[in-house]
Amino acid sequence: MTITSLSDTDLEQMISISKHIFDFDFSGYAPESLKRRMLRLIEKWGFSSIYEFQYAITNGELSRETLLNEITVNVTDMFRDPKVFYKITKVVFPYLESFPEFKVWHAGCSSGQEMYSLAILLKEHGLLKKTLQYGTDINTEVLKTAESGIYSISEMRKYSANYLSSGGQFSLSDYYTAKYQLAKMNSELKKKMVFSSHNLVKNPSFNEFQLIMCRNVLIYFDRDLQNKVLSLLIDSLAPYGYLVLGDKETISFYKNKEQLELVDKQYKIYRKKAIISD
Amino acid sequence: MINKIIIIGGSAGSLSAVLQLVEKCPTDFEPPFVIVVHRGKNDQNVLLDLLASRSKRPVIEVEHYDHLENGNVYLAPTDYHLLVGTDHHLELDLSEKVLYSRPSIDVSFISFAKVFKENLIAVVLSGANEDGAKGAKEVIKHNGTVIVQDPNDADVDIMPLRTLKINPEITKIVPSNDILKTLTEASN
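Residues numbered from 1 in each chain as written. Chains lettered and ligands numbered in written order. Predicted model: local features only at pLDDT ≥ 70, side-chain atom pairs only at ≥ 80, totals over all residues. Heavy atoms only, no water.

Structural notes on the environment of Pro100 of chain A
Move 1: Along the chain, the position of Pro100 of chain A falls in the loop between helix 6 (93-97) and strand 1 (102-107).
Move 2: The exposure class of Pro100 of chain A is exposed, given its relative accessible area of 70%. (Helix = DSSP H or I, 4+ residues; strand = E, 2+ residues; numbered from the N terminus. Buried < 20%, exposed > 50% of the residue type's maximum accessible area, 1.4 Å probe, protein only.)

Right, here's the structure in full:
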C-alpha cells in the first residue's frame, strides 16, 4: 500500500533526509505544494513508507537530480503569457535601449524557453547584440536543455500564436531549424547566453542586471524564503532596473517593498528605485 | 478566526449558478467563499470582473501566500492548483493538471478538507467531467458537508451525477436557487 497522504512530520522527515544525504534543503518551501510534489514522487516510486524513500536515496536508486526534477521542475513555454512579453517590449525595452550593453538574468530559467523568447524579441527590436543573458537554475538537467536550445517541433508549432501575441513581427519558424521531430533554435540567439547552476536560496548575487525575470519561482517558497529571495533579486538589480515576477506572485508583504515601484500591476513588472538607503 | 468556510467547484455550465450565489450572498455573511472553477486560458479577467460587479463582498483573485479572511470571496486563478495550509495561508501550485484541469477541484477540495474538516462546506455545481467527485469523498471523510446542484437543474449534469454516484450518502441535492439557503443552514 502506497502512502496516500503526508503529515507535517512525514514532510519534515523527507526534508531532513534530503538535506543530510543530498545537501539539498527544502525547508522554507511552500509546505502544501511541497507535500503534493513529494506525494506524487512517492506514488510514482511506490514507496509504502518514508523509510523506503530514505532507503532508495541512501542506496543511490533515487538520485539527487531525480528528486530535484520531481520537486522543482517548472512548467515553461515559449512566450508563456504573451501579454507579459508584449508589455516588456513596451515598458522595459526603451530603458534597455539607453545602454551600450546590458545584462538580463533569468533566475530559475528551467529549460530556457523564456530566454529564447526574449532573445527573439530583443533581436526584432535591434537590441540582441547589446544583450548578455544569464540563465540560472538549481537543476543542472534542465540547464542542459536550455543550453542546447533544442525543443520538440510540436511544441514550437503550439507557440507560434503566442509569439504573434507577444508582438512578434515575423514567423517563429524563422528562428529555428526543424529536423525530424526536433527544432533547434538559431545559434545567433544563444550567442549571448550564459548558463550556470545557481540556488536562489543559498547562493549570493553574482552580478548587476538591468532586467531580472523570475516568474513562477517564488510560488515554491513560503513567506520567509520569498523575502530572502526577493532581497537577493533586488540587490542584483541595477538602479532603475526592472524585475518581472509571475502574475500571481506579489511583493506586498516584502519587508523592503519601498525599494521597488510597481510599474504594471497585472503583469507584475517592478522597477528598482534609484537610491536605497538602509 | 474562520469558523466555517465554503468551497465551490464548477465547470461547464456553472457560471450562472456561481454568479447567482455570489450575488445573493449578503454583505454580513461571514464564511469566506473559495471559488474553484475551470475556465479558458483566455478568460483573463472576465470572471473576476463579473464576480466583482455582482458580489456585495470583496472578491480577490488569489495570489501566492494570501491569507484567508472572513467575509471575502476568493477566486482560484487560472492555471494554478489552489491549496491551503494549516495556518490558513493559500498556496498556488504549478504541478501537472489533474483530470486535464488546473485548477483541479479535487485537489482543492482535498486540501481544504484536511485543514477545515467539519467546518468545510463544499458545493459541486454543473460540469462536464468528474472533477470534484473524489474531492467530495474526502470532504465527507473529514466530516465536512457536501451540497450538490440538482442534476436536473444543472446545465451539464455529469459532474453532479458523478459526485452523487461515488458518494451515495450525500442528501443535500438542491437547485441553484436554493444553494445559498442550504449552505446558510449548514453553516449555522
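Right, picking up where we left off after that structure.
A short note on the sheet that holds strand 4 (residues 73-75) of chain B
Residue and element names in this part refer to chain B.
Move 1: Ordered by their spatial adjacency, seven strands build an open sheet running 3-4-2-1-7-8-9, and the pairing between neighbours is parallel. The two strands at the open ends of the sheet, each matched to only one other strand, are strand 3 (59-61) and strand 9 (172-174). On average, each strand axis in the sheet is inclined to that of its neighbour by 20 degrees, with strand direction left out of account.
Move 2: Both strand 7 (residues 120-124) and strand 8 (residues 145-149) contribute to a ladder of four bridges, which runs parallel. When the bridges of strand 8 are listed, Ala122 appears paired with Val146.
Move 3: Along the sheet face, helix 2 (residues 46-54) touches strand 2 (33-37), strand 3 and strand 4 and points at about 165 degrees away from the line of strand 3.
Move 4: Here helix 4 (residues 133-141) sits on the sheet and contacts strand 7 and strand 8; the angle it forms with strand 8, its principal contact strand, is near 145 degrees. (Pairing = 2+ DSSP bridges. Axes fitted to C-alpha atoms, helices over the stretch in contact; angles between N-to-C directions. Contact = heavy atoms within 4.5 Å.)

Some remarks on the pairing of strand 8 (residues 237-245) of chain A
Residues and elements named next belong to chain A.
Move 1: With seven of its nine residues buried, strand 8 lies for the most part within the structure.
Move 2: As judged from the five bridges shared by strand 7 (residues 209-214) and strand 8, these two strands associate in the parallel manner. Looking at the pairing, Leu211 lines up with Tyr242 of strand 8.
Move 3: In the classification by handedness, the crossover that spans strand 7, the intervening helix 11 (residues 223-235) and the parallel strand 8 is right-handed. (Right-handed = clockwise from strand over helix to strand, strands pointing away.)

Things to note about the sheet that holds strand 5 (residues 182-185) of chain A
Strand pairing in a sheet is mediated by backbone hydrogen bonds. Such pairs are either parallel or antiparallel.
Residues and elements named next belong to chain A.
Move 1: Taking strand neighbours across the sheet as the criterion, the three strands line up as 3-5-4 in an open arrangement whose pairing is antiparallel. Where the open sheet ends on each side, the last strands, each with one partner, are strand 3 (150-152) and strand 4 (176-179). Strand-to-strand, the axes of this sheet are offset by a mean angle of 30 degrees, without reference to chain direction.
Move 2: As paired strands, strand 3 and strand 5 are joined by three bridges and run antiparallel to one another. Counted as the bridge partner of Tyr151 is Ala183 from strand 5.
Move 3: Running at roughly 80 degrees to strand 3, helix 9 (residues 153-165) makes contact with strand 3, strand 4 and strand 5 of the sheet.

Focus on the interface of chain A and chain B
Move 1: The interface is formed by 28 residues belonging to chain A together with 28 residues belonging to chain B.
Move 2: Of the roughly 2,100 Å² buried between chain A and chain B, counting both surfaces, carbon and sulfur atoms make up 47%.
Move 3: Three residues, Glu32, Arg36 and Lys248 of chain A, lead the burial of chain A against chain B; their summed loss comes to 32% of the area buried on that side.
Move 4: Our enumeration of links across chain A and chain B arrives at six salt bridges.
Move 5: Note that Lys248 of chain A and Glu61 of chain B form a salt bridge whose closest N and O atoms lie 3.5 Å from each other.
Move 6: When residues of the side of chain A that touches chain B are traced back to their parent elements, those giving at least two are helix 2 (31-45) and helix 11 of chain A.
Move 7: It is helix 2 of chain A that provides the largest number of residues to the side of chain A that touches chain B, a total of six residues.
Move 8: Classifying every residue of the side of chain A that touches chain B gives eight nonpolar, seven polar and 13 charged. (Buried area = accessible area lost by both parts, 1.4 Å probe. Salt bridge = Lys/Arg side-chain N within 4 Å of Asp/Glu carboxyl O. Nonpolar A, V, L, I, M, F, W, Y, C, P; charged D, E, K, R; others polar.)

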